[in-house]
Amino acid sequence: MAILTVTHWGAYEVEMAGGEAVALRPFRHDPDPSPIGLHMLAPELDRLRIRRPAIRKGWLEGRARTGRGRDPFIEVSWEQALDATAGELRRVLDMHGNRAIFGGSYGWSSAGRFHHAQSQVHRFLNSLGGYVRSTDSYSLGAARVLMPHIVAPMDELMARHTAWSVMEQHTRLFVTFGGVPAKNAQISQGGAIQHRVPGGLRRMAEAGCRFVNISPTRDDLDTGAPFEWLPIRPNTDTALMLALCWVLHAEGLHDAAFLASHCTGFDRFLRYLTGATDGQPKDPAWAEGITGIPAARTTALAREMAATRTMLNIAWSLQRAHHGEQPFWALVTLAAMLGQVGLPGGGFGLGYGATNLMGSPNARFSGPTLPQGHNPVRDFIPVARIADMLLNPGGAFTYNGGTHAYPDIRLVYWAGGNPFHHHQDLNQLMEAWSKPDTVVVHEQYWTPAARMADIVLPATTTLEREDIGYANRESHIIHMPAVRRPAGEARDDYAIFAALAERLGAGARFTEGRDAAGWLRHLYEESRQRAAKAGVVLPDWDGLRQAGLAEVAVPAAAPVFLSEFRADPQAHPLPTPSGRIEIFSDTIAGFGIADCPGHPVWREPAEWLGAAATRRHPLHLLSDQPVTRLHSQLDPSPLSAADKVSGRAPICLHPADAAARGLVDGQVVRVFNDRGACLAGLRLTEAVMPGVARLSTGAWFDPADDDSGLERHGNPNVLTLDIGASGLSQGCIAQTCLVEVAAAPAMPPAVRAHELPDLLPMG
Ligand SMILES: Nc1nc2c(c(=O)[nH]1)N[C@H]1C(S)=C(S)[C@@H](COP(=O)(O)OP(=O)(O)OC[C@H]3O[C@@H](n4cnc5c(=O)[nH]c(N)nc54)[C@H](O)[C@@H]3O)O[C@H]1N2
Ligand SMILES: Nc1nc2c(c(=O)[nH]1)N[C@H]1C(S)=C(S)[C@@H](COP(=O)(O)OP(=O)(O)OC[C@H]3O[C@@H](n4cnc5c(=O)[nH]c(N)nc54)[C@H](O)[C@@H]3O)O[C@H]1N2
Ligand SMILES: [Mo]
């Protein structure tokens, strides 16, 4: 068997020569391999590796808080770096306590179950007595808080979606809000081993299923056959869903029996829907004024949905918006009114296409995971409130019905994430980043997060350490041997934390006496027993190492989402207070949050195309996930570089919008609003509706050295808005953002994102 390695974007076969990896090839059992990983050995990436521990000059000379991202770094020995890091942790712990350390460390880091940077950093900080954590994710901030109140927790729902094969057989109409972007299903957390979305869509279309894509962009769906595209103003889907509900009710097409037996609160929602509570019926004509979708098409679509087996789908991006709870709640309500929830091929899906997970036919069991220990610190933030926390210690925020205070953070510890990729309003984050005394980052590459740190500790990559590859409901569990020598002096995150824990008197607590090899064997054997309970028989650790992989594709017991609940809601209640789908939630209503009442509602987002404010910034900016990368990972690779325009991230505009501004395809443009500005390369396409601009995430943040506030590489997060989705969830709202686009200055500054920082020797 070939030597394998696993990334979030797939498994690859490793060609070796002289004990070192020399080439990567697609995994032979993957029907639709992703090209992203084929470039992981590229010299363009190797050049940007962090080779030695480094400390920012201003910090080393007197812990100056100014100069982050600008000072040169001094390269030091591991002894010096570990002493400095342990000493600073000790100082902060003694003077301010564990509540002054922020260790949320959000980010995707790498695949591989043991060397999972978040688990490592959390376990390490817990061994020292805890840290301030973060909850939820940038991916699903609003949905993770909302869904447990109205159906079930997101993780539960994601792992139980109706299988593609069932939809192929039964679904006759597939209506999706935000497409089924196969570019996104290249990825699954832990490793998309068999890419099934392109094939799943194709087979459904071949079986005669009709697709309707309701999205500002047409190209987020590809079934291999023609489909209907209904362009919709971004962030207005809730209004359309309400209008579809209105038609179903007005024409008596709703399933009153299902609403009575499986749902709660429909009557209260109905008073809002008909306008009894606010004088405004949520009818198709009302929705047309908001969404831009013709009323007659909405009416007809509601009838078509009721007449046949219909699957509704929603992209996660819809809840990454102001009032992002509402489209998810409205979708569930619409599906409940259609009454097909739990029927084969009917009901709803939450992100077919968001990752490779949804629609897998395989059984699930919990794979190997490093235990994170116990965190006695109660302070936390909703993950996307980091800048608010740093800027506003002691300030109050609401979250899921509670009111909490932001802690006073002195030390930020990050391993396996890139806040200068993922956070919104990066100019504000820059300001927030100057508040803590110290920022420690473990990184593999000189990313923006590494450059913004005080102490930078070089970490190994997946290819440089032994690990186990496994993702929920994928087809194989895979042994990942080390296939390269570590770059420079890079060490495993585990080895770094073990050495720090030793210095801080927590060595045994962190390691439990195991080295990395010991942990791999231990974690695998634990998981093997859990797998056996799910009917999956795995070889022992030595057997897996010998074979390289083991198949775990055992069919799931119930390939239809919520089928048990449908069959018997008393025997299989949902984990909601009523045991039913909550169209009205007494719990949420009881929170008394002004911007998230007890049932789905349309609320105008802070920025959108219907607002009076659009004259200065008349384009809605979508910053979706990039085709050629996972977030900012591998941005310097040849694949990512080939997609850029004049070395900058491409911004897609409709030709009419470009013409109105005198702009032409391929030119460098300035994208701006009151929060910031960046340069990007213009790409014209009719796949983006007029009034909308698309600038995918992931170009490494590249602020100009002067104080112009100009970002040179095309990072959309200098433009995005940093407020919470609502007082309920405080989720990230990257998709709520207006901008204007104009020609760039005649001599635009060069991109410098992929240059090394100034590295000076000690002394
Ligand atoms: N505008 C806008 N912004 C967004 C989004 C959007 O839609 N629009 N989407 C958001 C979403 S959904 C997400 S999930 C976030 C993603 O944000 P992140 O997950 O923070 O982004 P990544 O680029 O994946 O960052 C992972 C980092 O970990 C490093 N790394 C990898 N492996 C290891 C390891 O083993 N050890 C260590 N120490 N480091 C490692 C990589 O080099 C990389 O720098 O972005 C969010 N930001
Ligand atoms: N290649 C690749 N794949 C990835 C990732 C990556 O970085 N690269 N990241 C992964 C991660 S962490 C996540 S969370 C998922 C995210 O998965 P999603 O959140 O689903 O991904 P996006 O690409 O942001 O958005 C999907 C589509 O929604 C549309 N859309 C945006 N706003 C609206 C709206 O208001 N209404 C409607 N109807 N449509 C809208 C966009 O045009 C886009 O085509 O992707 C995962 N997959
Ligand atoms: Mo995400």
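Because the structure is a prediction, the values reported are computed rather than measured.

A. Region of interest: the overall build of the protein chain. For the protein chain, the count of helices and strands is 26 helices and 31 strands. For a compact globule of 763 residues, the expected C-alpha radius of gyration is about 27 Å, and the protein chain comes in at 26 Å, within 12% of that figure. Principal axes of the C-alpha set define a box for the protein chain whose edges measure 80 × 65 × 50 Å. Counting only residues that meet the buried cut, the protein chain has 63% of its 763 residues in that class. Across the protein chain, the fraction of contacts at a sequence separation of at least 24, relative to all contacts at a separation of at least 6, is 75%. Of the accessible surface of the protein chain, which amounts to about 25800 Å², a share of 51% is contributed by carbon and sulfur atoms.

B. Structural detail: the site of ligand 2. In the neighbourhood of ligand 2, 32 residues make up the surrounding shell, with D220, N235, D237, R320 and R629 lying closest. Here W316 contributes a backbone N or O atom positioned 3.4 Å from an oxygen atom of ligand 2. Across the shell around ligand 2, the residue classes tally to 16 nonpolar, 10 polar and 6 charged. Per-domain counts for the shell around ligand 2 show at least three residues from each of domain 2 (141-363 + 560-591) and domain 3 (612-743).

C. Expanded view of the sheet that holds strand β13 (residues 347-350). Spatial strand order, β10-β9-β8-β12-β13: 5 strands in an open sheet with parallel pairing. On the outer flanks of this sheet lie β10 (228-230) and β13, each paired with one strand and no other. Within this sheet the neighbouring strands show an average axis-to-axis angle of 20°, counted without direction. As paired elements, strand β12 (residues 310-314) and β13 share 4 bridges and run parallel to each other. Residue pairing in the sheet places I314 in a bridge with L350 of β13.

D. Quick peek at the site of ligand 1. If you check the shell around ligand 1, you find 33 residues, and the closest are S110, H422, E443, S632 and N717. One of the backbone N or O atoms of W108 is found 2.8 Å from an oxygen atom in ligand 1. One of the side-chain N or O atoms of S110 is found 2.5 Å from a nitrogen atom in ligand 1. Counting residues per element, the ones that place at least two in the shell around ligand 1 are α16 (419-422) and β18 (438-443).

E. Molecular detail of unusual backbone geometry. With a phi angle near 50°, E512 is a residue other than glycine that sits in the positive phi range. Inspection of the secondary structure puts E512 in the loop between α20 (507-511) and α21 (516-533). Phi angles above zero are rare outside glycine, and S646 is one such case at about 50°. For S646, the location among the structural elements is in the loop between α25 (638-642) and β25 (650-653).

F. Representation of the state of the cysteines. Scanning all chains against the criterion turns up 0 disulfides. Summary of cysteine pairing: C596 is not part of a disulfide, and the nearest cysteine sulfur, belonging to C245, is at 16 Å. For C596, a relative accessible area of 0% corresponds to the buried category. The thiol of C652 is not disulfide-bonded; the next cysteine sulfur, from C678, is found 13 Å away.

G. Main features of the UniProt feature "domain: Molybdopterin oxidoreductase" (unreviewed entry) in the protein chain. The feature "domain: Molybdopterin oxidoreductase" (unreviewed entry), as given by UniProt, occupies residues 49-503 in the numbering adopted here. When the span residues 49-503 is considered, its composition is 36% helix and 15% strand, and the gap between its end C-alpha atoms is 27 Å.

H. Looking closely at the domain arrangement of the protein chain. When cut into domains, the protein chain gives domain 1 (3-136 + 368-469 + 476-551), domain 2 (141-363 + 560-591) and domain 3 (612-743). Domain 1 and domain 2 are separated by 35 Å when their C-alpha centres are compared. Connecting domain 1 to domain 2 are 0 salt bridges. Listed by contribution, the elements that provide at least two residues to the side of domain 1 that touches domain 2 are β1 (3-7), β2 (10-17) and β21 (476-480). Here the side of domain 1 that touches domain 2 is composed, by residue class, of 12 nonpolar, 8 polar and 3 charged.

The rules behind the values
Residues numbered from 1 in each chain as written. Chains lettered and ligands numbered in written order. Predicted model: local features only at pLDDT ≥ 70, side-chain atom pairs only at ≥ 80, totals over all residues. Heavy atoms only, no water. Helix = DSSP H or I, 4+ residues; strand = E, 2+ residues; numbered from the N terminus. Rg over C-alpha atoms; globule rule 2.2 N^0.38 Å. Buried < 20%, exposed > 50% of the residue type's maximum accessible area, 1.4 Å probe, protein only. Contact = heavy atoms within 4.5 Å. Areas by Shrake-Rupley, 256 points an atom, 1.4 Å probe, with all protein chains shown as cover. Near = heavy atom within 4 Å. Polar contact = N/O pair within 3.5 Å; in protein donor to acceptor, adjacent residues only side chain to side chain. Nonpolar A, V, L, I, M, F, W, Y, C, P; charged D, E, K, R; others polar. Domains from an automatic or database assignment. Pairing = 2+ DSSP bridges. Axes fitted to C-alpha atoms, helices over the stretch in contact; angles between N-to-C directions. Disulfide = S-S within 2.5 Å. UniProt positions renumbered as here; feature names shortened; annotations may be inferred. Salt bridge = Lys/Arg side-chain N within 4 Å of Asp/Glu carboxyl O.

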